[in-house]
Amino acid sequence: GALVLGALASGVVAGRRHRRARHARHAAARRGTRARLTVGALAGAQGAALVFASVGLNSFAPASFPQTASLTMLRARVGSSLLALDAGNVSCAPPAKLPACGVRRWEGVGIYPETNIGYHLAELAVHDPTIPRAVFASWPVADAGQGLGGNLNVFVPNVDTAALAAAYGAAFVLEGPHGVAPTGMVKVATIPASNGEAAAAMTLWRVPGAARFSFAAGPDSVSSSRRVGDRTYVVKVRAPAGGALVAHVTALPGWRARAGGRSLALRDVGGQLRVAVPAHVSAITLTYWPARLSAGIAAALVALAALLGAGGVALVRSRRGRRSRRGPLVASSGG
């Protein structure tokens, strides 16, 4: 009788331990499934945000950034200077091509905004879902679609005068085939269409005196400027008396200017930067690094550390569970 009762008791204990182990395994499996679903949902949401944040996707081609004779000619003439576009998208007055018109519409002149980066051409045109509203509001041409709601991710201003080009630091203007020659500019070349159609040829104009960096007044001058990487400009200057350097870049928080190891004062003048240059400075370095970018990187590192920590804890618990399941369920006893 004692042996039977002992066997029954041992069976009850073993059954309970087996049920607890099975319940623990099922609970761990459910937690793992929830974790995978959560990670998948977050990854899917992030991917959808990256794909749909903009207005469209660029076309595909067998070669990355295919080269043509027209592009080679344009790049050889323009170099590193800023290129503005004159496509006839001047106003949004009726019969305008709503809802995209004026500065919000690309008319096919030049290279589609941001794609130009792959061709090493700097265009006065932007395709970015984070364009500040101040960029649209600063455009000085009336009824050019600055105040329209929505579609804040394309900014392609029509530059058809030398005054407009100089105000934005564009040394060259590419005129589309609409047949209206821009005023105050000098013709440089006729850029044929890539498919050889003469009717679609475009005209390249030079803007006398226009440059991305220039002094507001006085005897000081800019001898050269070059872009270093994605966020730095190095400007060589002759400044015997010092003065104010006008940088035709968008005055967003995050710009810093240095010369000779010292920080220089920056001001926002009409949406562009003005740098206070001391006397006898020979080189100025302008660097863009917004504080929010540093905060975003820090937040991403904290999130990554949290994910790695959570994964490590789950791994340790899983190993402990496997070790406990490998142990004896019931202690053997002599009878």
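Note: the structure precedes this text.
All figures in this text were calculated on a predicted structure; none of them were measured in a lab.

Enquirer: Can you help me understand the nonpolar core in this one?
Expert: Among soluble globular proteins, nonpolar side chains are generally buried collectively. By size, the foremost hydrophobic cluster in this structure holds 22 residues, and its most contacted members are Trp139, Phe155, Val159, Val173 and Val207. Counting residues per element, the ones that place at least two in this core are strand E1 (82-86), helix H3 (133-137) and helix H4 (162-167). Counting residues per element, this core draws most heavily on H4, at three residues. In this view, Phe155 contacts Val103, Ala125, Val126, Ile131, Val135, Phe136 and Trp139; residues no more than four positions away in its chain are not counted.

Enquirer: What is the right way to look at the sheet that holds strand E12 (residues 255-259) in this model?
Expert: If you trace the five strands from one edge of the open sheet to the other, you get E9-E10-E16-E12-E13, paired in antiparallel fashion. Edge strands, defined here as strands with exactly one partner in the open sheet, are strand E9 (221-228) and strand E13 (262-264). Along the sheet, successive strands turn relative to each other by an average axial angle of 25°, direction set aside. Sheet topology note: the strand E10 (residues 232-239)/strand E16 (residues 281-288) ladder contains six bridges and is antiparallel. Across the sheet, residue Thr232 finds its bridge partner in E16, namely Thr287.

Enquirer: Can you walk me through a nonpolar patch on the surface in this structure?
Expert: Together, Trp289, Leu293, Ile297, Leu301, Leu304 and Leu308 make up a nonpolar patch on the protein surface, roughly 560 Å² of accessible area in all. Topologically, Trp289 is positioned in the loop between E16 and helix H5 (291-326).

Enquirer: Sorry, what's going on with the packing of aromatic side chains here?
Expert: Summed over the entire model, instances satisfying the criterion amount to eight aromatic pairs. Grouped by ring-pair contacts, the aromatic residues Phe136, Trp139, Phe155 and Tyr168 constitute a single cluster. A cation over a ring is seen here: Arg104 above Phe136, with NZ or CZ 4.7 Å from the ring centre.

Enquirer: How should I be thinking about the side chain of His127 in this particular structure?
Expert: In this fold, His127 is placed in strand E3 (residues 126-127). By relative accessible area, His127 is classed as buried at 11%.

Enquirer: Help me out: how do you make sense of empty space enclosed by the protein in this one?
Expert: Gaps left between atoms are located by rolling a probe of water-molecule size over the structure's atoms. Counted according to the given criterion, the structure contains one cavity of 30 Å³ or more. Put simply, the largest cavity is a space of about 30 Å³. Along its surface, the largest cavity is lined by Leu85, Ala87, Asn89, Arg105, Trp106, Glu107, Val109 and Val156. Looking at side-chain class alone, the lining of the largest cavity contains five nonpolar, one polar and two charged residues.

Enquirer: Would you mind going over the state of the cysteines with me for this structure?
Expert: Covalent bonding between the sulfur atoms of two cysteines defines a disulfide. Throughout the structure, instances matching the rule amount to one disulfide. Two residues share a disulfide in this structure: Cys92 and Cys101, whose sulfurs sit 2.0 Å from each other. Across the S-S bond of Cys92 and Cys101 the torsion is about 110°, and the bridge reads as right-handed. For Cys92, a relative accessible area of 18% gives the class buried. Since its relative accessible area comes to 3%, Cys101 is described here as buried.

Enquirer: In this structure, what is going on with the pairing of strand E11 (residues 243-250)? I would like to understand it.
Expert: Each regular strand displays side chains that alternate between the two surfaces of the sheet. Relative to E11, strand E8 (residues 213-215) runs antiparallel, the two being bridged by three bridges. By the bridge assignment, Phe213 is partnered in E11 with Ala247. Pairing analysis gives six bridges linking E11 to strand E15 (residues 272-277), with the strands arranged antiparallel. Bridging across to E15, Gly243 finds its partner in Val277.

Cut-offs used in this document
- Residues numbered from 1 in each chain as written.
- Predicted model: local features only at pLDDT ≥ 70, side-chain atom pairs only at ≥ 80, totals over all residues.
- Heavy atoms only, no water.
- Core = buried A, V, L, I, M, F, W, Y, C linked by side-chain atoms within 4.5 Å.
- Buried < 20%, exposed > 50% of the residue type's maximum accessible area, 1.4 Å probe, protein only.
- Helix = DSSP H or I, 4+ residues; strand = E, 2+ residues; numbered from the N terminus.
- Contact = heavy atoms within 4.5 Å.
- Pairing = 2+ DSSP bridges.
- Axes fitted to C-alpha atoms, helices over the stretch in contact; angles between N-to-C directions.
- Patch = residues over 30% accessible without salt bridge, like charges linked within 9 Å, V, L, I, M, F, W, Y side chains within 5 Å.
- Areas by Shrake-Rupley, 256 points an atom, 1.4 Å probe, with all protein chains shown as cover.
- Salt bridge = Lys/Arg side-chain N within 4 Å of Asp/Glu carboxyl O.
- Phe/Tyr/Trp six-rings, centres within 6.5 Å; stacked < 30°, edge-to-face > 60°.
- Lys NZ or Arg CZ within 6 Å of the ring centre and 35° of its normal.
- 1 Å grid on protein atoms, 1.4 Å probe; cavity = no way out; pocket = protein on both sides within 12 Å on 5 of 7 lines; lining within 4 Å.
- Points joined across faces, edges and corners; volume = space filled by probe spheres on them.
- Nonpolar A, V, L, I, M, F, W, Y, C, P; charged D, E, K, R; others polar.
- Disulfide = S-S within 2.5 Å.

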